[in-house]
Structures are given as C-alpha cells and as structure tokens.
Amino acid sequence: MNLSLAHLFLALLLSKFPSFAASSHDYQDALSKAILFFEGQRSGYLPQDQRITWRANSGLSDGWMYNYDLSGGYYDAGDNVKFGFPMAFTTTLLAWSVIEFGDSMPNSELRNSMVAIRWATDYLLKSVSQLPNRIFVQVGDPNIDHGCWERPEDMDTARTVYAVDAPNPASDVAGETAAALAASSIAFRSSDPGYSDTLLRNAIKAFQFADNYRGAYSDNSNIRDGVCPFYCDFDGYQDELLWGAAWLRKATQDDTYLNYIQSNGKTLGADENINEFGWDNKHAGLNVLVSKEVIEGNMYSLQSYKASADSFMCTLIPESSSSHIDYTPGGLLYRPGGSNMQHATSIAFISLVYANYLARTSQAINCGNIYVTPTTLRQQAKRQVDYILGDNPKGLSYMVGFSDYYPQHIHHRGSSLPSIKDYPQFIACKEGSIYFNSTNPNPNVLVGAVVGGPGEDDIYEDDRVDFKKSEPTTYINAPLVGALAYLAANPNPS
C-alpha cells in the first residue's frame, strides 16, 4: 500500500472541510454533559445523588397491569414512553463506549457512565425476568402519550404494558436486549463480577427467545399499533440475531456463538452492504465488532464481515470512488428521515472503534482509488463531533448547555414545562399545550441533550414543534459518549 497517497488524500479531505483540522473543543466538558443527559431521562424512583434536580419520581406504578414492577429505565426522547427496542440499543452503545474507551475516561466520568448503564440494565433485567415464556417490550401507549404535553411526574395517561409471550416472535427486541446485557456484562466484569454474571445469564436467555421464535415484535397484532410507526423494525429482525450472537461471542468466547455467526451470516443477511448503523439496523456495527477477531485474532472464517466493514468505511469518505454517504454543505453526515444526529454520532463512534482495531496492526483500507488510514477515519469522526459542538455554519452547539449558544426550545416535555419542584400543582394532559406552543425558552435546561439537528442544508430553526430537528434521544447520546471519551484523550487524533 502507498501510505503517501493516504496522506495526500487526508490533505484533500481537510481542504474540503476547512475547519476539520484546526477545530478543538473542551471534549472533557462535552463528555461530562453527554453522560449527565441520561439522568434527565430517568424513569422511576430517583436517587439522592440525582444531578438533574428539576426532575422527580415518575412511572412508579409501571407494570401494574401484570402485577409486576416495571419501574425504572429511560424515556427514549422527549416523550414519556419506555420503548424497549431503542432503550436496549442505547444500553449496548453505552456499554460498548466503556469497553472501547473507558480507559480514557476520568474516574468520575467512568463511574457516571457505569451508573447510566446500570440504570438501563436494571430495567432490562426486569423486562426479561419472565423468560423463557414472556418478554416485556414497552411501557406506555405512545398514541395517547403523544397527544399530551405533560411532565413525566404528572403522567395520567395509560401506562399500557406491551409483552410478547412465547411462541410469538420478538427477535428484534430480544436480540438487542441480549446484546445490551452481554455488552454490559463485559463492562461490569472487573468492578462487579456478580452483577456481570447475572447480566450474562439473562443475555443468554434473551438470545434463546430471539432465536427460537423468529420474527419481528411488530408482527404481533396485539401490540403492533402501540409500537408502529414509532419503533417498528423496518429493516427486519435478522441483524439483531447476529448482533446478539456477536456480543455473546465477545462476552463468553464460546464457540457456539462463533459458529452461529459463521453459519447463519449468509442466511441472515450479514453480507448485505447496508450503509447504516442505528437502533433499527445493526449491520455496520456488527461488521466492525466481528472484524476485531479477524484483525487481531486471525479468524479468517469471518473475513466476509471485515470486507463489509471495510466497504462501509469507504462509503463514508467523500473522495472514495465508493462514497455513498451524503454530507451537508457544512460537512455533517446526513440521512433523510429526521433525528439525523443519531447517524452522525453512531457512525463517528464505530469509525473510531474501527480505526483503533486497524491501528493496532498497522492496517489501512483499500478503497480502490485511495487508501484510508486509521488517521483518516479518526479525523472524519472528529469532524462530525466538532460540527455537533459548534463548528457549523450557524456556529451553534447542538448539545444543550455546551458553550453559550445552543438550542433553547427543544422538543422535550420535562424540559419545557415548569419543574414540579417550582410548580407542584398538577398540569393535566392538554393544559401543557400553552407551554408547548410558547415562544419562551424551556425553563429547565436538559444539559447534555443533543437534538435531532439541522436539515440537509445546515438550516436549523430553534422550534419546539419541529420534533425531527429539535428532539433529543438517548440513542443520539450513547455513541457520542464513546466518541467524546476518545477525543477527550486524543483531541488532535493522528
């Protein structure tokens, strides 16, 4: 390979995005805030050391329909529903962030990250506690919830519990839950081995349910209206089966899961070159995760996964002949559909992970007309993070509370309504509309929240009504934690 060509390409990339190399932010501060955000999304009994103090207890009776405690966990975004599918993905990415970059975190933020993971896994353990017969996949009716604008502490909407009983399928949610618990078991292995073992045992049970009863959870007519169109698995459940198996392989080193990945890869679509990674599609992350065994362990039977990971990385590079990813004029990775920052953060994260894998063995990627080095991938990821933190045409930090110029009207019930600490009177479902429609800034600052972000033209109106742009989500922040942990330790990556 000709690394001088790679260096020349990097220079061309820097000229395409002029702020690329020069920009640097207080990544440590951004990391602290990105983790803090999760405390604002908590459901259940809040602890004494809760740092987002305008929040209070909520959802304490969740699970009453089944006479079971399903309190806890996270609200996924600006509403008051606990969607199991994106919550599990959020957990997997938080845990993966710690696995890859936890050693780079200050002890205080590593601890806060572990607390954020455990808040999710304690809930996910409840969701799989009735396996092998039942998995709980959601709490709250989104059709009713989205018709209200009220604080989580005031919720008087139906807290419908959505469960899937065997032999009905839920391969997507159960597979992602298996991944989340397995990844988290690795994260907790040194600090709490007993809890780690509990997570792993339950990950195995969740995967067995996913594999034994194949199909999407939205295939069940009794819950379809409650999960679609919000978090249907539009891209199929097959990737979650491979994703869950890959994390169980990493957590156990059991050849059973290695054989599963090898023998089921083709039938479950592992060779599909899908240029996406997020709560609905795991292919790119799966390929990166599995590639580690090829790059560092010479597991050549998994070579097809590495080939797909290489191909995906090539699509990210604007000067590559196989580039398929769009960018805004200001340099933000862009995919249509809303909540675009989820794509920017998740792809930045796996780019950094893959760069580390490649760097350990001094490898580069042959993208046909160019070679892409780990440095190129790291600089590309840094550009995405820098855009989020303020290096964009508006000069706006898309992270709330970072810098002096950030969104003031985010689409988030708890943030936009008066805190129950300041206004303890009950605010009913429709009574919150005046706050939703208000032009005043949100009274409660949800520090660390990253909003959905601008359109393909870099334009962002700070408008609470435009949820596709102004709503934060847990799965935007989770991979950003890992990316920021890397950049805080390596602000000028090479």
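Note that the structure is predicted; figures quoted are calculated from it, not measured.

**Q** Give me the overall build of the chain: which residues, what numbers.
**A** From N to C terminus, the chain includes 19 helices and 7 strands. Relative to the globule expectation of 23 Å for 494 residues, the C-alpha radius of gyration of the chain, 21 Å, shows essentially globular dimensions. Across the 494 residues of the chain, 63% fall into the buried class. Taking as baseline every contact in the chain between residues at least 6 positions apart, the subset at least 24 positions apart corresponds to 74%. Carbon and sulfur atoms make up 50% of the accessible area of the chain, which totals about 17,300 Å². Seen as two clouds, the 35 positive and the 54 negative side-chain charges of the chain have centres 3 Å apart.

**Q** Tell me about the packing of helix α4 (residues 84-101) against helix α10 (residues 238-252), and please be specific about residues and values.
**A** Viewed as axis vectors pointing N to C, α4 and α10 meet at an angle of 35°, and their least axial separation amounts to 13 Å. The handedness of the crossing between α4 and α10 is left-handed. The segment α4 lies against α10, with F85, T92, L93, W96 and I99 engaging E240, W243, W247 and K250.

**Q** Residue-level account of the sheet that holds strand β3 (residues 161-165), with values.
**A** Spatially, β1-β2-β3 is the arrangement adopted by the 3 strands of the open sheet, whose pairing is antiparallel. In the strand order of this sheet, the two ends are held by β1 (82-83) and β3, each with one partner. In the sheet, β1 pairs with strand β2 (residues 134-139) via 2 bridges, with the strands oriented antiparallel. Across the sheet, K82 pairs through a bridge with V139, a residue of β2. Sitting on the sheet, helix α5 (residues 107-127) is in contact with β1 and β2, with an inclination near 130° to β2.

**Q** Explain helix α19 (residues 474-489) to me, using residue names and the numbers behind them.
**A** Counted at 1.5 Å a residue, the expected span for α19 with its 16 residues is 22 Å, and the 23 Å between its end C-alpha atoms agrees. In the structure, α19 departs most strongly from a straight axis at V481, where the bend amounts to approximately 25°. Within α19, 14 of the 16 residues are buried, which leaves the element mostly enclosed by the surrounding structure.

**Q** Can you lay out unusual backbone geometry for me, pointing to particular residues and giving the numbers?
**A** Residue L131 is joined to P132 through a cis peptide bond whose omega torsion reads 15°. Its location among the elements puts P132 in the loop between α5 and β2. The omega angle of the peptide bond from C228 to P229 is 5°, so this bond is cis rather than trans. For P229, the location among the structural elements is in the loop between α9 (221-227) and α10. For N67, which is not glycine, the phi dihedral falls at a positive 55°. Tracing the backbone through its elements, the reader meets N67 in the loop between α3 (27-40) and β1. Given a relative accessible area of 73%, N67 falls into the exposed group. With phi around 55°, N298 is a residue other than glycine that occupies positive phi space.

**Q** Summarise the state of the cysteines; cite the residues concerned and give the values.
**A** Under the criterion given, the structure shown has 3 disulfides. In this model C228 forms its disulfide with C232; the gap between the sulfur atoms is 1.5 Å. Sign of the S-S torsion, about 120° for the bond between C228 and C232, identifies this disulfide as right-handed. Here the two residues C228 and C232 agree in accessibility, since each one is buried. With its disulfide-bonded cysteines labelled consecutively along the sequence, the chain is connected as 1-6, 2-3, 4-5.

**Q** Please set out the side chain of N112 residue by residue, giving values where relevant.
**A** Its place among the elements puts N112 in helix α5. Judged by its relative accessible area of 12%, N112 falls in the buried class. A polar contact is formed between the side chain of N112 and the side chain of E109, at a distance of 3.2 Å. There is a polar contact of 3.3 Å between the side chain of N112 and the side chain of R111. With residues near it in sequence (within four places) discarded, N112 still touches I35 and R51.

**Q** Could you give an account of the layout of surface pockets, naming the residues involved and the relevant values?
**A** The space that makes up the largest pocket amounts to roughly 820 Å³. F230, Y231, F467, E471 and Y475 are the residues nearest the centre of the largest pocket, which is lined by 34 residues in total. Breaking the lining of the largest pocket down by element, the ones donating at least two residues are α14 (341-360), α17 (433-436) and α18 (467-470). Taken as a whole, the second largest pocket holds about 150 Å³ of empty space. In terms of lining, the second largest pocket is formed by V98, I99, G102, D103, L110, R111, M114, A187, S190 and S191. Only α4 and α5 provide two or more residues apiece to the lining of the second largest pocket. Among the elements that take part in the lining of the second largest pocket, α5 stands out by supplying 3 residues, more than any other. Partitioning the lining of the second largest pocket into residue classes produces 5 nonpolar, 3 polar and 2 charged.

**Q** Go over the side chain of R151, please, and point to the residues and values.
**A** Along the chain, R151 falls in the loop between α6 (142-145) and β3. Given a relative accessible area of 1%, R151 falls into the buried group. Polar side-chain contacts of R151 include one of 2.8 Å to the backbone oxygen of P418.

**Q** Before we move on, can you summarise the nonpolar core with the specific residues and values?
**A** Core analysis: the largest hydrophobic core is formed by 149 residues, its most contacted members being W96, Y217, Y354 and L484. Broken down by element, the residue count for this core peaks at 12 residues, all from α14. Those residues within four positions of L484 in sequence are excluded, and the remaining contacts are Y27, A30, L31, A34, V385, L389 and M399.

Basis of the calculations
- Residues numbered from 1 in each chain as written.
- Predicted model: local features only at pLDDT ≥ 70, side-chain atom pairs only at ≥ 80, totals over all residues.
- Heavy atoms only, no water.
- Helix = DSSP H or I, 4+ residues; strand = E, 2+ residues; numbered from the N terminus.
- Rg over C-alpha atoms; globule rule 2.2 N^0.38 Å.
- Buried < 20%, exposed > 50% of the residue type's maximum accessible area, 1.4 Å probe, protein only.
- Contact = heavy atoms within 4.5 Å.
- Areas by Shrake-Rupley, 256 points an atom, 1.4 Å probe, with all protein chains shown as cover.
- Lys, Arg positive; Asp, Glu negative; His and termini not counted.
- Charge placed at Lys NZ, Arg CZ, Asp CG, Glu CD.
- Axes fitted to C-alpha atoms, helices over the stretch in contact; angles between N-to-C directions.
- Left-handed = near helix turned anticlockwise from the far one by under 90°.
- Pairing = 2+ DSSP bridges.
- Expected span 1.5 Å × (residues − 1).
- Bend = angle between axes of the 7 residues up to and from the residue.
- Disulfide = S-S within 2.5 Å.
- Polar contact = N/O pair within 3.5 Å; in protein donor to acceptor, adjacent residues only side chain to side chain.
- 1 Å grid on protein atoms, 1.4 Å probe; cavity = no way out; pocket = protein on both sides within 12 Å on 5 of 7 lines; lining within 4 Å.
- Points joined across faces, edges and corners; volume = space filled by probe spheres on them.
- Nonpolar A, V, L, I, M, F, W, Y, C, P; charged D, E, K, R; others polar.
- Core = buried A, V, L, I, M, F, W, Y, C linked by side-chain atoms within 4.5 Å.

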